[in-house]
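So the chains spell out like this:
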Amino acid sequence: MITAGIDIGSITSKAVLMKDMKVLGFDVISTGYNSEKSGKEVLNLVLDKCFVNIEETDSIISTGYGRNRLSFAHKKITEITCHAAGAHFQDNKIRSVIDIGGQDSKVIILDENGSVTDFAMNDKCAAGTGRFLEVMARALELDLNDFGDISAKAKKAAHISSLCTVFAESEIISLISAGEKRENIIRGIHESIGTRVGALALRAGLRSPVMMTGGVSRNSGVVRSLESRLGVSINVSSYAQVNGALGAACLGFR
Amino acid sequence: MSEKVKSMAGKNLSKLMIKGYMDLHEKAAKGAFCVWIAINVPAEIFAGFDNVVYGVPESHAAMCAGKGIGVLQCEKAENTGYSQDLCSYARIDIGNLTDGSKDSPSFGLPKPDLVVSNNNNCALISKWFDVHHREMDIPHFIMDIPFCYEPQKQKDQSYIISQIKDLISLIEKLSGQKFNFNKFEEAVFHSWEGFCEWKNFLELAKEKPSPVTAFDSFVHMAPFLTLRGTPVLKEHFKILADEARQNIKTGNLPVKKEKYRLFWDNIAPWHQLGKMSKRLSQMGANIVGASYTSCMGTVEGSFELYKWDEKDPFEYIARMMNSYMCPHGMELRYSSMKGAIEKLGIDGVIFASNRSCKPYSITQMDQQKRISDYFGIPAVMIDVDHADARKYSEENAFMRIGALLETIDSKRKN
């Protein structure tokens, strides 16, 4: 049996193809303004990559903010359930998932079957999300991918008090003007996210073992900040960015 | 839900509301003494006077939001300097007054001679009505109603009654009219009968599938606010209950394939009723009960009807000032919700964190945990605003609601 999971996020669209509960391949592209088009495109990319025809797929499941826009999907499932399923597939001992995506951050608590028992999400605010980091990278004229390594060199974390993305950006510009080192500022940014998402995790009732997913999990600075704040070790998913799509593909087998 | 043909009760409601607002304007224009009140000020006392009418700014603001002009009215207040962080009802009401109510579906409310607020249900309304007091140079009577962490004490009830009597004296003095106890008592009796019939209607939500959806009950609450103390309450809620009973027989139900029975906590998001009910219905979800509608006619700690012995009308209306959720502490709110969840066979709860009503929202995070722990049912929190659509994100809310339904499914499978 072949299934495809497609996760249409606010910034990127992801697709994972599975056969008999084994990953055949995955791909990631920018979402753009047309969810249906990007969903088709990312699916075709992964189908081509795996030499599979669309007619051979038994089930296509969509998830993410654009899930309802994919007319060709057989079923639409929220990313909460999909992220839980994706983490459970990778390691069935996982009991909590911390997912930080482009426009939201969420903490999901799982049971031994990989079913969601509780979850908490950020409210209508970009603080503690990937978008927050993007804005800060722009202000610092750095590539976001370098944030983790640079922050590792910091001697201290610059204090960033604002939780608002726009205000925090102004605060960072002030820190730059005051001559604060970039690595310290970046560490301060990571601490700020750690505080925000850490509170969310505690609210949801975090249980170990913990897996982190979403694009932001590739940022080792954020992971370190969360580990230190929560006092737990965090496994970063090897399918971090495509975990939602992976979970969707897994749910296609049910 | 929104696709159905307008029900008999729906048609009757429209008729009542239009007539209610027209009568209000007409009587005020002919010289009636006009009072603006907060929703739980006991409006029955006005029936004790020959020529006193009342308007309810909160109800008017909800109507503006329901008709899609909430944001427009809010912006008018914001343009004069009021913060977006204030309650959207207050902003709609204040905004509406900036241009002579030109956009209001009811031409606003007639100019008041007196405003009456209270401080146990809404934290803001005394300040809000103070704006009217200053702008229109009219008196403002504030009722000081004790907040309840436990069932109301006798001394508190007596304190409320003394204030009701003070208010009556003030109206006598300001209007030059004499208060008639018998007419007032009759009005209280009408309200009591209305509450009884309302409860008969809500009780039908126990049926599976339910003929009742909170979206209907939200809307049909309106006469309790604007037509209190009148016989139309009983008549209208009887039409509503009879029609619901008939719908059970004919299968004309709000959610045809009811898979999920949900409970709602907070004020209705008036600007979203149509959209939200339609989307939920498509998902097989019915919000069969809501704390907001269940609390009418009840007192602290239970959503069961508060039984009046039909003796002292002052005592009864004083007790009814303690209906609603906001005047109650967490234990009392929990006790009320617990009873409703058990009675209605609820699968999941939506806690709507309302940006415009912090007194209602303040305990929700703890309630969510307690309800989930006690019943083992999932509960979710969504961000809403009862009248300002700018503070609501539909996809954000529905992602959470979707996850709630999926969690219910997975619990059923396991």
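Located above this text is the structure these notes cover.
Residues numbered from 1 in each chain as written. Chains lettered and ligands numbered in written order. Predicted model: local features only at pLDDT ≥ 70, side-chain atom pairs only at ≥ 80, totals over all residues. Heavy atoms only, no water.

(A) How the structure looks around the overall build of chain B. When helices and strands are tallied, chain B shows 17 helices and eight strands. The globule rule puts the C-alpha radius of gyration for 414 residues at 22 Å, and the 21 Å found for chain B is close to it. Counting only C-alpha atoms and orienting by the principal axes, one finds that chain B spans roughly 70 × 50 × 40 Å. Counting over 414 residues, chain B shows a buried share of 61%. The contacts in chain B between residues at least 6 apart in sequence include a share of 79% that link residues at least 24 apart. Accessible surface for chain B amounts to roughly 16300 Å². Of this, 53% is attributable to carbon and sulfur atoms. Of the side-chain charges in chain B, 51 are positive and 51 negative, and the distance between the mean point of each set is 5 Å. (Helix = DSSP H or I, 4+ residues; strand = E, 2+ residues; numbered from the N terminus. Rg over C-alpha atoms; globule rule 2.2 N^0.38 Å. Buried < 20%, exposed > 50% of the residue type's maximum accessible area, 1.4 Å probe, protein only. Contact = heavy atoms within 4.5 Å. Areas by Shrake-Rupley, 256 points an atom, 1.4 Å probe, with all protein chains shown as cover. Lys, Arg positive; Asp, Glu negative; His and termini not counted. Charge placed at Lys NZ, Arg CZ, Asp CG, Glu CD.)

(B) Spotlight on the overall build of chain A. The helix and strand tally for chain A stands at eight helices and ten strands. Taken over C-alpha atoms, the radius of gyration comes to 18 Å for chain A, in line with the 18 Å a tight globule of 254 residues would show. Surface exposure of chain A reaches about 10700 Å², of which carbon and sulfur atoms provide 49%. Taking the 29 positively charged and 28 negatively charged side chains of chain A as two groups, their mean positions are separated by 3 Å.

(C) Quick look at the side chain of A:Ser38. All names here are of chain A. Within the secondary structure layout, Ser-38 lies in helix H1 (residues 35–49). For Ser-38, a relative accessible area of 3% puts it in the buried group. Reaching out from Ser-38, the side chain makes a polar contact with the backbone oxygen of Ser-35 at a distance of 3.1 Å. Ignoring any residue separated from it by four or fewer positions in sequence, one finds Ser-38 in contact with Ile-8, Ser-13, Ile-29, Ser-30 and Thr-31. (Polar contact = N/O pair within 3.5 Å; in protein donor to acceptor, adjacent residues only side chain to side chain.)

(D) Representation of the environment of A:Ile11 in the model. Residue and element names in this part refer to chain A. One can find Ile-11 in the loop between strand S1 (2–8) and strand S2 (12–19). With 85 residues separating them in the primary sequence, Ile-11 and Ser-96 have C-alpha atoms 24 Å apart. Setting aside chain neighbours within four positions, we find Ile-11 in contact with Ile-29, Ser-30, Thr-31, Gly-102, Arg-131 and Glu-134.

(E) Quick look at the interface of chain A and chain B. Facing 21 residues of chain A, the contacting portion of chain B comprises 20 residues. Both faces considered, chain A and chain B share a buried interface measuring about 1700 Å² in area, 50% of it formed by carbon and sulfur atoms. Taken together, chain A and chain B are joined by zero salt bridges. Put simply, chain A and chain B have two residue pairs in polar contact (both at pLDDT 80 or more) between them. For the side of chain A that touches chain B, the secondary-structure elements that each account for two or more residues are helix H2 (79–90) and strand S8 (116–121) of chain A. Residue composition of the side of chain A that touches chain B, by class: six nonpolar, six polar and nine charged. (Buried area = accessible area lost by both parts, 1.4 Å probe. Salt bridge = Lys/Arg side-chain N within 4 Å of Asp/Glu carboxyl O. Nonpolar A, V, L, I, M, F, W, Y, C, P; charged D, E, K, R; others polar.)

(F) Summary view of the packing of aromatic side chains. All names here are of chain B. All chains considered together, the criterion is met by 25 aromatic pairs over all chains. Ring plane angle 45 degrees and centroid distance 5.8 Å describe the contact between Trp-198 and Phe-201, whose orientation is recorded as tilted. In this pair, Trp-198 and Phe-201 both sit in helix H7 (residues 181–203), three residues apart, roughly one turn of the helix. Phe-201 shares its class with Trp-198; the two are buried. Between Tyr-306 and Tyr-316, the aromatic rings sit 6.2 Å apart at their centres with planes inclined by 10 degrees, giving stacked as the arrangement. Taken together, the positions of Tyr-306 in the loop between helix H12 (291–294) and helix H13 (313–320) and Tyr-316 in helix H13 put the pair ten residues apart, joining distant regions of the chain. Ring pairs connect the aromatic residues Phe-49, Phe-179, Phe-181, Phe-184 and Phe-314, which therefore count as one cluster. The ring of Tyr-306 carries the charged tip of Arg-319 above its face, separated from the ring centre by 5.3 Å. For Arg-370, the ring lying beneath its charged end belongs to Tyr-334, and the centroid distance is 4.0 Å. (Phe/Tyr/Trp six-rings, centres within 6.5 Å; stacked < 30°, edge-to-face > 60°. Lys NZ or Arg CZ within 6 Å of the ring centre and 35° of its normal.)

(G) Up close: the side chain of A:Ser151. Residues and elements named next belong to chain A. Mapped onto the secondary structure, Ser-151 falls in helix H4 (residues 147–152). Within the structure, Ser-151 has its side chain in polar contact with the backbone oxygen of Gly-148 (distance 3.0 Å). Discounting chain neighbours no more than four positions away, the residues touching Ser-151 are Glu-183, Ile-186, Arg-187, His-190, Gly-221 and Arg-224.

(H) Here's a closer look at helix H5 (residues 125–136) of chain B. Residue and element names in this part refer to chain B. Here H5 spans 16 Å end to end across twelve residues, near enough to the 16 Å set by a 1.5 Å rise per residue. Buried within H5 we find Ile-125, Ser-126, Trp-128, Phe-129, Asp-130, Val-131, His-132 and Met-136. Elements that come into contact with the buried residues of H5 comprise strand S1 (33–37), helix H2 (57–66), helix H4 (88–97), strand S3 (114–118) and strand S4 (140–143). Positive backbone phi, at 55 degrees, marks Asp-137, one or two positions downstream of H5. (Expected span 1.5 Å × (residues − 1).)

(I) Structural detail: the pattern of salt bridges. Residues and elements named next belong to chain B. Enumeration over the complete set of coordinates arrives at 39 salt bridges over all chains. Ionic pairing is found between Lys-153 and Glu-150, a salt bridge with its closest N-O pair at 2.7 Å. Here Lys-153 falls in the partly exposed class, since its relative accessible area comes to 39%. In this structure Glu-150 comes out as partly exposed when scored by relative accessible area, which is 42%. Between Lys-178 and Glu-172 there is a salt bridge whose closest N-O contact spans 3.7 Å. Judged by its relative accessible area of 67%, Lys-178 falls in the exposed class.

(J) Inspection of the sheet that holds S2(A) at higher detail. Residues and elements named next belong to chain A. With mixed pairing, the five strands of this open sheet are ordered in space as S3-S2-S1-S4-S5. Of all strands in the sheet, those with a lone pairing partner are strand S3 (22–30) and strand S5 (75–76), marking the two edges. With two bridges connecting them, strand S4 (residues 59–63) and S5 associate as parallel partners. When the bridges of S5 are listed, Ile-61 appears paired with Lys-75. Where H1 meets the sheet, its contacts fall on S1, S2, S3 and S4, and the angle it forms with S3 comes to roughly 140 degrees. The sheet contacts of helix H8 (residues 243–251) involve S1, S2, S3 and S4, and relative to S1 the element is tilted by about 145 degrees. (Pairing = 2+ DSSP bridges. Axes fitted to C-alpha atoms, helices over the stretch in contact; angles between N-to-C directions.)

(K) The sheet that holds S4(B), seen in detail. Residues and elements named next belong to chain B. Taken together, four strands build an open sheet; the order of strands is S2-S1-S3-S4 and the sheet is parallel. Of all strands in the sheet, those bounded by a partner on one side alone are strand S2 (52–55) and S4. Averaged over neighbouring strand pairs, the angle between their axes works out to 25 degrees when direction is ignored. As paired strands, S3 and S4 are joined by four bridges and run parallel to one another. Bridge assignment links Asn-118 to a residue of S4, and that residue is Met-143.

(L) Summary view of the packing of helix H11 (residues 273–282) of chain B against helix H17 (residues 394–413) of chain B. Residue and element names in this part refer to chain B. In the contact formed by H11 and H17, the axes pass within 12 Å of each other and the chain directions differ by 35 degrees. The two elements H11 and H17 meet at a crossing, and its hand is right-handed. For the pair H11 and H17, contact is made by Lys-275, Met-276, Arg-279 and Leu-280 and by Glu-394, Glu-395, Phe-398 and Ile-401, respectively. Tallied by class, residues from the contact of H11 with H17 come to four nonpolar, no polar and four charged. (Left-handed = near helix turned anticlockwise from the far one by under 90°.)

These results come straight from atomic positions and should not be treated as a statement about function.
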